[in-house]
Amino acid sequence: MSIEVVGVSKRFGDFLALDDVSLNVRDGSLTALLGPSGSGKSTLLRVIAGLELPDSGTVHIRGADTTHVPAQRRGVGFVFQHYAAFKHMTVRDNVGFGLSIRKRPRAEIRERVDQLLELVHLSGFAHRYPAQLSGGQRQRMALARALAVEPAVLLLDEPFGALDANVRKELREWLRDLHERVHVTTVFVTHDQEEAMEVAEQIVVMNEARVAQVAPPRELYEHPGSEFVMRFVGPVAEMGNELVRPHDIEILPLPDWGAEEAMVRRVNHLGFEVRVELETTDGRRVAVQVTRARAVELELEAGQIVWLRPDHRGALRANRSAA
Amino acid sequence: MRASRRLRAVALAYLALLLVLPVGMVFYRTFEHGVAAAWAAVTTPDAIHAFWLTLLMVAVAVPANTVFGIGCALVLVRQRFPGKALLNSLVDVPFAVSPVVVGLALVLLYGRAGWFGTWLADHGIQVIFAPLGMILATIFISLPFVVREVVPVLREVGSEQEEAASTLGASPWQAFWRVTLPSIRWGVAYGVILTTARALGEFGAVSVVSGKLAGQTETLPIHVEQAFQNFDLAGAYSASVVLAALALLTVLSMNLIKREEVTR
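Keep in mind it's a predicted model, so treat the numbers as computed, not measured.

**Description of the overall build of chain B**
And step 1. When helices and strands are tallied, chain B shows 15 helices and 0 strands.
And step 2. Taking the principal axes of the C-alpha coordinates as reference, chain B spans close to 70 × 65 × 30 Å.
And step 3. The buried share of chain B, reckoned over its 264 residues, is 36%.
And step 4. Of the contacts made within chain B by residues no fewer than 6 positions apart, 74% connect residues no fewer than 24 positions apart.

Here it is in structure tokens:
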């Protein structure tokens, strides 16, 4: 195991940020810490990095107990949401900072920085200052800076959170490619389930200072362990006392066993998929996702009466007390 | 449009009447009888001594308050502890208290009859009526500037860059020198300049503890006042011009820094 967190708790005044959290991260894996804001995911990352000291529990990195080792000697690379670029240094000096602290020879630093700038596609920007870079470029520089010291683990705290949607998408793909090439154990924090699903091999869902579930993306989506996880990782429709994914509901033109009557209120064509908003006889609103072909076949339009049949295999019994 | 022009005229007239005219008058009076006469008046032994003593005040007070100011600003911005609000207000005391009171307080502490007076006298250290006391007074009076200039800059910079430096292997000391200090350098520079200006011009507190001994404990401002009291108008005016020139130099360097900061 590359990172082992055992029974970590952390309190900020009255606020409990981490409540007896344990976590294992495999060597060379790409893991996402996913959760709503205030769920403790960033605090957990900062505890692993040594930027925050846990009140109790231990952190091991590559088998060594690092719980009380200061950040400067943990050998972790950390990337901040707002880049934390050294504003008074050029891109070259930013990337070379860790190496120059380690007093490596100049020529070696130069060579290594050149390689890294190549890796993050910033070769032509070595002499610029961070203020002269775009947000995406700054974040790539921050990544190169973190990688320069060959960290045991790479930790990213909402790395794409401050970027606009297009750059974000591009950087996601790029991070996956990078991980395939560099293969450093990577953990990143995000509140965006799509980002977690798209990038990570393993997702750790956090909620209210605890780990809610740990699973690969597909398993998490198909077999959520709790109502919270089910709702958090994708859209849900409520059918009776069950929670179902909108694409796990079949629309039938005629009554059938186990199907519930509903009226079509609105049909949204979103390219390949069609989103149908319906209202059941007892007044509940349900959103269903069908393919374009199915929508055409059913000749769906507002006002039409249809029957809904959920696929129970992916359903979860709703628990009204704990949302 | 017309209102703004009128406002500008009022502002300029105000400045001319209260600032330009008096200072211009001093310059005019100084060089009234030629440069040679003015030069002779500022090169008397007492005037030269006052000049060097003033620079000594600056040379000690400015570094002392720069180091203290940066440290104090770091504590105020980065740390949480009981009594922080008190420390924050204490820093402003030199702004609020009249310099004469500061001088008197120092006399009460370090003077012959003061708390530390006897002990100091026994050990042969003279504070009051000596440069040491004047330095203490200058440090006290010019203490808040660096703190007040650095605190907002430090707050704006935040601690993320330092955290990044520490994850990259920098010790707190390395992070301070290579990341924190460079990122607050303009704030420090402003603070240093304001401290210098204050230390150069301080009269009240310093004059109380100095004893005003010509050639011994006279700084330039005290020298000006003494010369004026003794009807040595030429001496007073020309020493004033030297002071004004030093002040001008500090203001000029401030403007240079401003320009540098803008181009960054």
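**Some thoughts on the packing of helix α2 (residues 91-101) of chain A against helix α4 (residues 135-148) of chain A**
Packed helices, taken two at a time, are described by the angle between their axes plus the distance between the axes.
Residues and elements named next belong to chain A.
And step 1. The interhelical angle for the contact between α2 and α4, taken along N-to-C directions, is 25 degrees, at an axis separation of 7 Å. Here α4 runs roughly parallel to α2, going by the angle between their axes. Considering only the axes of α2 and α4, their crossing is right-handed. Residues Val 91, Asn 94, Val 95, Gly 96, Phe 97, Gly 98 and Leu 99 of α2 lie in contact with α4, whose contacting residues are Met 141, Ala 144, Arg 145 and Ala 148.
And step 2. Residue composition of the contact of α2 with α4, grouped by class: 7 nonpolar, 3 polar and 1 charged.

**Quick look at the nonpolar core**
And step 1. Grouped together as the largest cluster of nonpolar side chains are 96 residues, with contacts concentrated most on Ala 144 and Leu 155 of chain A.
And step 2. For this core, the leading source of residues is α4 of chain A, giving 7 residues.
And step 3. When neighbours within four sequence positions are excluded, Ala 144 of chain A is seen to be in contact with Val 95, Leu 116, Leu 117, Leu 119, Val 120 and Leu 122 of chain A.
And step 4. By size, the runner-up hydrophobic cluster in this structure holds 55 residues, among which are Ala 38, Leu 53, Val 107 and Leu 136 of chain B.

**Here we look at unusual backbone geometry**
Residue and element names in this part refer to chain A.
And step 1. The backbone phi angle of Glu 150 is positive, close to 45 degrees, even though this residue is not glycine.
And step 2. With respect to the helices and strands, the residue Glu 150 is situated in the loop between α4 and β7 (153-157).
And step 3. A positive phi angle, near 50 degrees, is found at Glu 299, a position not held by glycine.
And step 4. In this structure, Glu 299 sits in the loop between α9 (292-298) and β17 (305-310).
And step 5. Using a count of 8 C-beta atoms within 10 Å as the deciding quantity, one classes Glu 299 as exposed.

**Thoughts on the environment of Arg 138 of chain A**
All names here are of chain A.
And step 1. Tracing the sequence through the fold places Arg 138 in helix α4.
And step 2. Separated by 53 residues in sequence, Arg 138 and Ala 85 have C-alpha atoms that sit 7.2 Å apart.
And step 3. The contacts of Arg 138, once residues within four sequence positions are left out, are Tyr 83, Ala 85, Pro 130 and Leu 133.

**Focus: the interface of chain A and chain B**
And step 1. Each partner contributes to the interface: chain A provides 19 residues, whereas chain B provides 14 residues.
And step 2. The class makeup of the residues in the side of chain A that touches chain B is 11 nonpolar, 5 polar and 3 charged.

**Some thoughts on the pairing of strand β15 (residues 273-280) of chain A**
Residue and element names in this part refer to chain A.
And step 1. Examined bridge by bridge, strand β14 (residues 260-270) and β15 share 8 bridges and lie antiparallel to one another. Counted as the bridge partner of Val 264 is Leu 278 from β15.
And step 2. Taking the residues that link successive antiparallel strands as the turn, the β14-β15 hairpin has 2 residues, and the phi of Gly 271 there is positive, at about 75 degrees.
And step 3. Taking the residues between adjacent antiparallel strands as the criterion, β15 and strand β16 (residues 285-291) are bridged by 4 residues, where Gly 283 takes a positive phi near 85 degrees.

**Here's the deal with helix α9 (residues 144-157) of chain B**
Residue and element names in this part refer to chain B.
And step 1. Here α9 contains 14 residues, and its C-alpha end-to-end distance of 20 Å stays within 8% of the 20 Å for a straight helix at 1.5 Å per residue.
And step 2. Looking at α9, one finds that the buried residues are Pro 144, Phe 145, Val 146, Val 147, Glu 149, Val 150, Val 151 and Leu 154.
And step 3. Contacts from the buried residues of α9 go to α3 (45-78), α4 (84-91), α5 (93-96) and α12 (185-201).
And step 4. Gly 158, located one to two residues past α9, shows a positive phi value of around 75 degrees.

About the criteria used
- The residue numbers shown here count from 1 along each chain, following its written sequence.
- The order in which chains are written sets their letters, starting at A; the order in which ligands are written sets their numbers, starting at 1.
- Totals for whole chains, interfaces and linings use all residues, but because this is a predicted model, local features are given only for residues with pLDDT of at least 70 and pairs of side-chain atoms are given and counted only at 80 or more.
- Helix and strand labels come from DSSP, where a helix needs a run of H or I of at least four residues and a strand needs a run of E of at least two; each type is numbered from the N terminus.
- Field definition: a residue is buried when 20 or more other C-beta atoms are found within 10 Å of its C-beta, exposed when 12 or fewer are, and partly exposed for counts in between, with C-beta atoms placed from the backbone.
- It is the C-beta atoms, placed from the backbone, that decide contacts: two residues are in contact if theirs lie within 7 Å.
- Whenever a helix is involved, its axis is fitted only over the stretch in contact; in every case the axis is a line through C-alpha atoms, and angles between N-to-C directions fall within 0 to 180 degrees.
- Relative orientations are named as follows: roughly parallel for angles under 35 degrees, roughly antiparallel for angles over 145 degrees, roughly perpendicular for angles from 65 to 115 degrees, and oblique for any other angle.
- Each helix crossing is assigned a hand: it is left-handed if the near helix lies turned anticlockwise from the far helix by less than a right angle, otherwise right-handed if that turn is clockwise.
- Here the nonpolar group is Ala, Val, Leu, Ile, Met, Phe, Trp, Tyr, Cys and Pro; Asp, Glu, Lys and Arg are the charged ones; every other residue, Gly included, is treated as polar.
- The term nonpolar core means buried Ala, Val, Leu, Ile, Met, Phe, Trp, Tyr and Cys residues held together as one set by C-beta atoms within 7 Å.
- Each pair of strands is called paired provided DSSP finds at least two bridges between the two strands.
- Expected helix span is taken as 1.5 Å per residue step, with the number of steps being one fewer than the number of residues.

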